[in-house]
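Each chain, letter by letter, is given below.
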Amino acid sequence: MAHIQPPKPVERTVKLEPHQVLLRPLVTEKGVHRASRNNQYAFQIHRDATKIDVRAAVESLFDVKVTAVRTQTRKGKFRRFRNRMGRTSDWKKAIVQLHADDRIDFF
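Residues numbered from 1 in each chain as written. Predicted model: local features only at pLDDT ≥ 70, side-chain atom pairs only at ≥ 80, totals over all residues. Heavy atoms only, no water.

As annotated in an unreviewed UniProt entry, the protein carries the name Large ribosomal subunit protein uL23 and is attributed to Allorhodopirellula heiligendammensis. Word for word, the UniProt comment on the protein under Sequence similarities (unreviewed entry) is "Belongs to the universal ribosomal protein uL23 family." (UniProt positions renumbered as here; feature names shortened; annotations may be inferred.)

Below you can see the structure in the form of structure tokens.
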């Protein structure tokens, strides 16, 4: 019987630094609600960043303990500029849950 092998990990040529992984925090009404109730914070991240990269970047930049990372790839929207249709860039989002004792203060 043939065994199914898991896919090999992708070798990246460029190693991202922590300040390159996290592009900006996403401070929205929903995000503030998540931060106050669930201790979760949202960031726009580099398109090539993995969950492991995000965890390491948040822990090193903010000196906190991360318990979970969830990522989403968001599709760009169609926008009209004068008489032409254009499209905004796709981007990647990470929702990071911190340990109960840790907080990040953006304000």
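Asks: An account of the nonpolar core is requested, with residue identities and associated values reported.
Replies: Ranked by internal contacts, the top residues of the largest apolar core, which has 18 residues, are Leu22, Phe43, Val54, Val58 and Leu98. With residues up to four places along the chain from it excluded, the contact list for Val54 reads Val21, Leu22, Ile45, Ala49, Val69, Ala94 and Val96. (Core = buried A, V, L, I, M, F, W, Y, C linked by side-chain atoms within 4.5 Å. Buried < 20%, exposed > 50% of the residue type's maximum accessible area, 1.4 Å probe, protein only. Contact = heavy atoms within 4.5 Å.)

Asks: For the environment of Glu29, give the residues involved together with the corresponding values.
Replies: With respect to the secondary-structure elements, Glu29 resides in helix α2 (residues 29-38). What makes Glu29 exposed here is its relative accessible area of 73%. When the C-alpha atoms of Glu29 and Ala94 are compared, they prove to be 16 Å apart, with 65 residues separating the residues in sequence. (Helix = DSSP H or I, 4+ residues; strand = E, 2+ residues; numbered from the N terminus.)

Asks: Quick one: what's the story with the pattern of salt bridges, residue by residue and with numbers?
Replies: Summed over the entire model, instances satisfying the criterion amount to 1 salt bridge. Arg87 is paired through a salt bridge with Asp90; the nearest N and O atoms lie 3.3 Å apart. (Salt bridge = Lys/Arg side-chain N within 4 Å of Asp/Glu carboxyl O.)

Asks: Got a sec to walk through unusual backbone geometry? Specific residues and values, please.
Replies: Even without glycine at this site, Asn39 takes up a positive phi of about 60 degrees. Tracing the sequence through the fold places Asn39 in the loop between α2 and β2 (40-45). Of note, the phi angle at Asp63 is positive, near 55 degrees, even though the residue is not glycine. Among the structural elements, Asp63 can be located in the loop between α3 (51-62) and β3 (66-74). Overall, the relative accessible area of 69% leaves Asp63 in the exposed class.

Asks: Which residues make up the confidence of the model for the protein, and what values go with them?
Replies: On average, residues of the protein score 92 in pLDDT, and 98% of them reach the 70 mark or higher. Within the protein, the element-level pLDDT minimum falls on strand β4 (residues 78-81), averaging 92, and the maximum on strand β6 (residues 91-98), averaging 97. (pLDDT = per-residue confidence, 0-100.)

Asks: Quick one: what's the story with a positive patch on the surface, residue by residue and with numbers?
Replies: Together, Lys30, Arg74, Lys77 and Arg79 give the surface a local cluster of positive charge. Looking at the element boundaries, Lys77 is found in the loop between β3 and β4. (Patch = residues over 30% accessible without salt bridge, like charges linked within 9 Å, V, L, I, M, F, W, Y side chains within 5 Å. Areas by Shrake-Rupley, 256 points an atom, 1.4 Å probe, with all protein chains shown as cover. Lys, Arg positive; Asp, Glu negative; His and termini not counted. Charge placed at Lys NZ, Arg CZ, Asp CG, Glu CD.)

Asks: Which residues make up the packing of aromatic side chains, and what are the values?
Replies: In this structure the tally under the stated criterion is 1 aromatic pair. Taking the ring centre of Phe78 as reference, the NZ or CZ of Arg87 above it sits at 5.6 Å. (Phe/Tyr/Trp six-rings, centres within 6.5 Å; stacked < 30°, edge-to-face > 60°. Lys NZ or Arg CZ within 6 Å of the ring centre and 35° of its normal.)

Asks: Now, about the environment of Pro6: what can you tell me, with residues and values included?
Replies: Within the fold, Pro6 resides in the segment before α1 (18-21). Measuring from C-alpha to C-alpha, the distance between Pro6 and Phe62 comes to 34 Å, with 56 residues separating the pair along the chain.

Asks: Break down the side chain of Gln40 for me, citing the residues and quoting the values.
Replies: Positionally, Gln40 belongs in strand β2. Polar side-chain contacts of Gln40 include one of 3.4 Å to the side chain of Gln97. For Gln40, the residues in contact, after removing those within four places along its chain, are Gly31, Arg34, Ala35, Arg70, Ile95, Val96 and Gln97. (Polar contact = N/O pair within 3.5 Å; in protein donor to acceptor, adjacent residues only side chain to side chain.)

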